[in-house]
Amino acid sequence: MGRHVGIVGVGQTHHARRRTDVSQAGLVREAVNRALADAKLTMDDIDAVVVATGPVLFAAVNQPEKWVADAIGAHLKPLVRITSGGGTGFAGALGAYYQIASGQHDRVLVVAYDKLSEGALQYSISTLYDPFWGREFAVGIMGFSAAYWRARMDPLGHTEEAAAMVAVKNRKHAMSNPYAHVKKEVTVEEVMSSKELAWPIKLLDVPPISDGAAAVVLSCESKAKESTDRPAWITGMGYFCEADNPPDRNMLLSEPLALAARRVYRAAGITNPRRQFDVVEVQEPYTCFELSYYESLGLCEPGGAAELVASGATSAGGDIPVNLSGGCMGANPIGAVGLIRLIEAATQVMGKSECIQVPNAKCALAQTGGGWANLRGVAVLQA
Amino acid sequence: MKANKVAVVSSAQVELRPRWGGAQHIDLISAVVSSVFKGIGLTLDDVDFIIDSGSDVLDGRSISNCGFLGAMGAHHKEESRVEEDGLWAASYGAVKIASGAADVGLIIAYSKPSESNVNEFYSTQVEPFYQRPVGFEHLAASGIQAQRYLADHALSKEDMAKVVVKRWQDAANNGRVQIDAVPTVEDVLASGDIAKPLTQQMMSRKVDGAVALLLVSEDIARRVSKKPVWITGMGDSIDRHAFSSRASGTLEACERAAAAAYKKAGWTEVKPSVAEVSASSAVTECMVLEALGLAAKGKGAKLAEQNSGTAINLSGGALPADPIMATGLVRLSEAYRQLSTPEIYGLESPTSAVVHGAGGVGMQTHCVFTLEV
Amino acid sequence: MLARPDTYAIDMEPLKSSLAMPYTLTPGRAAGAFLAEVANRRIVGSKFKNSGKVTVPAQDFCPISGDAEFDLIEAPATGTLTAFTETQFGLIGLVRIDGSDVDFPHQILGARYDDLNIGDRVEAVWSDEPVETSILNIAGFKLSPNAPVGQIKPLENPAEQVEVVKYAIDLKYEHAFGPYYGRMFDEIKNNRRIMGVRVPDGSESAYLPPRETCDITHKQTGTWVEVAHTGTVRAMSIINFEFVGQKKKPPYVYAEIKLDGASTRLIHNVYLPDFTMEKAKAMVKPGTRVRAVWSDKRTGSMDDISHFEIIDQ
């Protein structure tokens, strides 16, 4: 499948509820500096740049890559913006992957960010809906996410308690993530009694709103050693979708996620995800999604998610730890979170995680998503 | 490493109209997607992935690709949105096929500028602290580009008007653009100042439209087409954001993008049979032709008057029809048609093409393809 | 080039919509300093440490070298006009402030287009009234033929940098209905009929909203068919928080409903008299049967249905 592509350097900002000291451009520069330093490179070594951000309405600058290009130091370089709702950061990395796999470029810098403090998030998200049909009743993504969760509750046993356990787990993991800004452990009882926002979604099921940027240097094999002895090789990566309102849309299983997983697992030689993955990073816009991902990713049978999280297997120390970074619960700069999942998965197999490191991690799974839960991506990273 | 070859084997486009008042975005998109497969022996089932270009700001909708996936034929396939001129979407599709990851890519680009105030599409692009409040945006950048270009090369507004007329005439002949009347030089000069010295008709006319192309790997190309059009080189480059900080009198990023494409194609001289280039105004069209190496500096307008070797913008180019996010992909579609069915255009036996797309205020970013048959 | 649906042409006024929302933008160090000082009638630039380049107004990153380390400097209010044009937004020129290595755009005041020449000396005109956190505290630049060339100097006693700039966008749209939505909403408005098009799978199921091609197969959809006003809740949640742009006061039930005869869901609200959270959780679930209740409105939108009510089984 073309040339091998690996992650050879990563960087992210210390995410925050609100960064008042830097503009979008400044935020981007911080992440870029860190990624280049991590990769032991300068912008001269970079052949092309991919920028990924959430929808432009989040921060009032249309085609913002054209503005932050200067901050990145990309003067006269190839540069393109890829955008895909919440999955943007990942989709950007996927675009960069092909630029290298094809031989078009050798090293590509992927930059993903969002400065959510700039705008009115729920309203911006509601503009995702068709102005003719649905927008007037839309409640951001929280409304439909909660509704689909309710639809899964009875047939699959995705109870409020099980989702609460996800919140407890991820918030606890976030305590060890130097880049997360929400650092407060909670108990299941606290989650269950937190304010109902869009029941069954409650306040503590919801990730924060964040300003943050992340950057990754992808490299072809021949140049990887200039950056690191242990790149995180991308052995499979895909990003699938489903139409937003197809006949009889399945709410129990995420079909695009299952398709992506099947395709990517085959490319990467994964036949038993539960046993082969050492660590997993998923993007959970609400806790209920993580339960659904366990099933769509084949980490357990349909209906087995509640039991899986309750068993502790997906917690630190378990056999299939999920979101040791804290996932979105620790930091949620939406446009960047897909790339942050790749960063956290990559650093695990590179042996340099700044969160809880899984000893001898060799094989990691990263998942992302966006839109109406109809854009879904999966990647396998191996060292 | 020998990269896999990529070819264009089909394209489909709706008529480009100032206003498609009777159709939504998805109507235009599903029309081109239905049409692009006809007669070539491939179906939507054969498509591995879709890359699309569109703009949230033009569409009036966040993550607008998300609501159009069905019309794009993307259900249960891989899809990605490039929020940039459509030629970049083709670029993404091409590298994906070249890497061997896929065989058949559907590339789509569309816009309906008629549904919004297009000035805002551009004014929201400039940073909001220094440029936006003082009213500096695409029109101002275009006017200043024109002021400088005309002065640098002792050219007149009439010289620019002649370029406009030629393009509109070609578009009227080509027949894929809705044109009620071809303007005369006098009409162009009298069309009202929009960004002095540019008059309204010297700037590209915004139109609604959608276009779809099929890119395929070499194996598939040889199966489905007697005359695949190969993409032999691609390059893109972005200039500084602040127009006032860019090198004056030249489109540096266009030169850089072209150089990269020509290098990949192994071209030591630039003598394509045809060229399809984008432009924001008659002035920048001339500057683009020069930056691409098709004309000497200051001679772009002369090239418009007499084709010397390379047939330029037989489709009319962007001046009569600029669907913004789709413009570069329409150029690719037109160049593909000229190379694969040259007889329609009165061409002898063209062998190569240069295709150009651009984006941003004052054409900040450029993308160039070389095609060969 | 579009296939025609089996319907009559409808001349509908496009749907007006707008994307209007408030923002609190962060200018960053350089612009934050500039915006703070411009209110004090001082013009601030950046002098970059590595390249020595000066940008006025101040920038965080040198547009020439990419440098990010800079000192703030105070620039003179005089400069040279390097280019100009006139658009609907005014007479706009590029000004090279004395000492700056780059130009920047601003309005040219008190002159006409034909009066100007490249190379003219210009001078800042301060706004009479202060403009909150804005470069428009400089109202523009005027011709100043003999303006002496000023010098840049270090910025003494800088004001506290601006951290937040209030902003808003208000983008307006007119969306064409197209033949499918046109007919559907026409029927809703005039006949209180909800119509879709047949899904091309041989069943009698309808696509709602209707469109040219099936989202799954991309095959052409079939002929028009009416769907019932009753249906089944497929998913629901109880909205209990307020947000900008919300149309209904919480708490209320958000529901995705599949009308009988449709194969797709629509989003609406289920109304419960004497609403309580417990009652809503107990009474509205996936599988609950509901019926549309029409309002008095005839606007030709889903809003013409006021809400759905539970059908007692």
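Treat the numbers as computed from the prediction; the structure is a model and nothing was measured.

### Remarks on the overall build of chain C
Assigned secondary structure in chain C consists of three helices and 19 strands. Here the C-alpha atoms of chain C give a radius of gyration of 30 Å, more than 25% beyond the 20 Å that 2.2 N^0.38 yields for 313 residues. Dimensions of chain C along its principal axes, counting C-alpha atoms only, are 85 × 50 × 40 Å. Taking all contacts inside chain C whose residues are at least 6 apart in sequence as the whole, residues at least 24 apart take part in 57%.

### Thoughts on the sheet that holds strand 13 (residues 206–207) of chain C
All names here are of chain C. Spatial ordering of the open sheet is given by 13-12-14, a layout of three strands whose pairing is antiparallel. At either end of the open sheet lies a strand with only one pairing partner, and these are strand 13 and strand 14 (224–227). Examined bridge by bridge, strand 12 (residues 194–198) and strand 13 share two bridges and lie antiparallel to one another. When the sheet's bridge partners are listed, Val197 is paired in strand 13 with Tyr207.

### Things to note about the environment of Lys285 of chain C
Residues and elements named next belong to chain C. With respect to the helices and strands, the residue Lys285 is situated in the loop between helix 3 (277–283) and strand 18 (289–294). Through-space distance from the C-alpha of Lys285 to that of Val233 is 6.7 Å; in sequence the pair is 52 residues apart. Beyond its immediate stretch of four places on either side in the chain, Lys285 contacts Val233 and Met236.

### Notes on the sheet that holds strand 10 (residues 153–154) of chain C
Residues and elements named next belong to chain C. Read across the sheet, four strands follow the order 3-2-4-10 without closing on themselves; strand pairing throughout is antiparallel. Only two strands of the sheet have a single neighbouring strand rather than two, namely strand 3 (54–55) and strand 10. Where strand 2 (residues 43–48) and strand 3 come together, two bridges link them in antiparallel fashion. The residue bridging Ser46 from the neighbouring strand is Thr55, located in strand 3. Helix 1 (residues 28–38) rests against strand 2 and strand 4 (70–75) of the sheet, and its axis sits at about 150 degrees to strand 2.

### Quick word on the interface of chain A and chain B
Contacts between chain A and chain B engage 57 residues on the former and 49 residues on the latter. Those elements that provide at least two residues to the side of chain A that touches chain B are helix 2 (65–72), strand 3 (79–83), helix 3 (88–101), helix 4 (121–126), strand 8 (232–241) and helix 9 (255–268) of chain A. Of the residues forming the side of chain A that touches chain B, the biggest block, six residues, is contributed by helix 3 of chain A. Looking at side-chain class alone, the side of chain A that touches chain B contains 30 nonpolar, 18 polar and nine charged residues.

### Notes on the interface of chain A and chain C
Taken residue by residue, the interface counts 50 residues in chain A and 53 residues in chain C. For the side of chain A that touches chain C, the element with the highest residue contribution is helix 5 (residues 142–156) of chain A, accounting for six residues. Grouping the constituent residues of the side of chain A that touches chain C by class yields 25 nonpolar, 15 polar and 10 charged. Across two bridges, strand 5 (residues 196–199) of chain A lies against strand 15 (residues 230–239) of chain C in antiparallel orientation. Residue pairing for strand 15 of chain C: Trp199 of chain A is matched across the bridge by Ile238 of chain C.

### So, the environment of Asn146 of chain C
Within the secondary structure, Asn146 of chain C sits in the loop between strand 9 (138–143) and strand 10. On a C-alpha basis, the gap between Asn146 of chain C and Asp120 of chain C in space is 9.4 Å, while along the polypeptide they are 26 residues apart.

### Overview of unusual backbone geometry
Residue Pro197 of chain B is bonded to the preceding Lys196 of chain B through a cis peptide linkage, with omega at 5 degrees. Relative to the helices and strands, Pro197 of chain B resides in the loop between strand 5 (193–195) and strand 6 (198–199). For His76 of chain B, which is not glycine, the phi dihedral falls at a positive 60 degrees. Residue classification places His76 of chain B among the partly exposed residues on the basis of 16 C-beta atoms within 10 Å. A positive phi angle, near 55 degrees, is found at Asp274 of chain C, a position not held by glycine. Note on placement: Asp274 of chain C falls in the loop between strand 17 (266–270) and helix 3.

### Overview of the environment of Thr287 of chain A
Residues and elements named next belong to chain A. In this fold, Thr287 is placed in helix 11 (residues 287–296). Placed 91 residues apart in sequence, Thr287 and Glu196 show a C-alpha to C-alpha distance of 14 Å. Setting aside its immediate chain neighbours within four residues, Thr287 contacts Ala163, Val166, Ala167 and Asp205.

### Description of the packing of helix 3 of chain A against helix 4 (residues 86–98) of chain B
As a packed pair, helix 3 of chain A and helix 4 of chain B sit with axes 8 Å apart at the nearest point and diverge in direction by 55 degrees. The orientation of helix 3 of chain A relative to helix 4 of chain B falls into the category oblique. For the pair helix 3 of chain A and helix 4 of chain B, the crossing hand works out as left-handed. Taken together, the residues of helix 4 of chain B that come into contact with helix 3 of chain A (itself represented by Gly95, Tyr98 and Gln99 of chain A) are Tyr92, Val95 and Lys96 of chain B.

### Describing the confidence of the model for chain C
All names here are of chain C. Overall, the predicted model of chain C reaches an average pLDDT of 93, with 96% of residues at or above 70. A low-confidence stretch, residues 1–5 stays under pLDDT 50, and its non-local contacts, those more than four residues away or across chains, total 10 contacts. Confidence metrics for the complex model read pTM 0.97 and ipTM 0.97.

### A few points about helix 3 (residues 64–72) of chain B
Since the α-helix turns once every 3.6 residues, residues separated by three or four places project in the same direction. All names here are of chain B. Extensive coverage of helix 3 is indicated by the burial of nine of its nine residues. Buried within helix 3 are the following residues: Ser64, Asn65, Cys66, Gly67, Phe68, Leu69, Gly70, Ala71 and Met72. Immediately downstream of helix 3, the backbone of Gly73 shows phi near 80 degrees, a positive value.

Rules and cut-offs
Residues numbered from 1 in each chain as written. Chains lettered and ligands numbered in written order. Predicted model: local features only at pLDDT ≥ 70, side-chain atom pairs only at ≥ 80, totals over all residues. Helix = DSSP H or I, 4+ residues; strand = E, 2+ residues; numbered from the N terminus. Rg over C-alpha atoms; globule rule 2.2 N^0.38 Å. Contact = placed C-beta atoms within 7 Å. Pairing = 2+ DSSP bridges. Axes fitted to C-alpha atoms, helices over the stretch in contact; angles between N-to-C directions. Nonpolar A, V, L, I, M, F, W, Y, C, P; charged D, E, K, R; others polar. Buried ≥ 20, exposed ≤ 12 C-beta atoms within 10 Å, placed from the backbone. Parallel < 35°, antiparallel > 145°, perpendicular 65-115°, else oblique. Left-handed = near helix turned anticlockwise from the far one by under 90°. pLDDT = per-residue confidence, 0-100.

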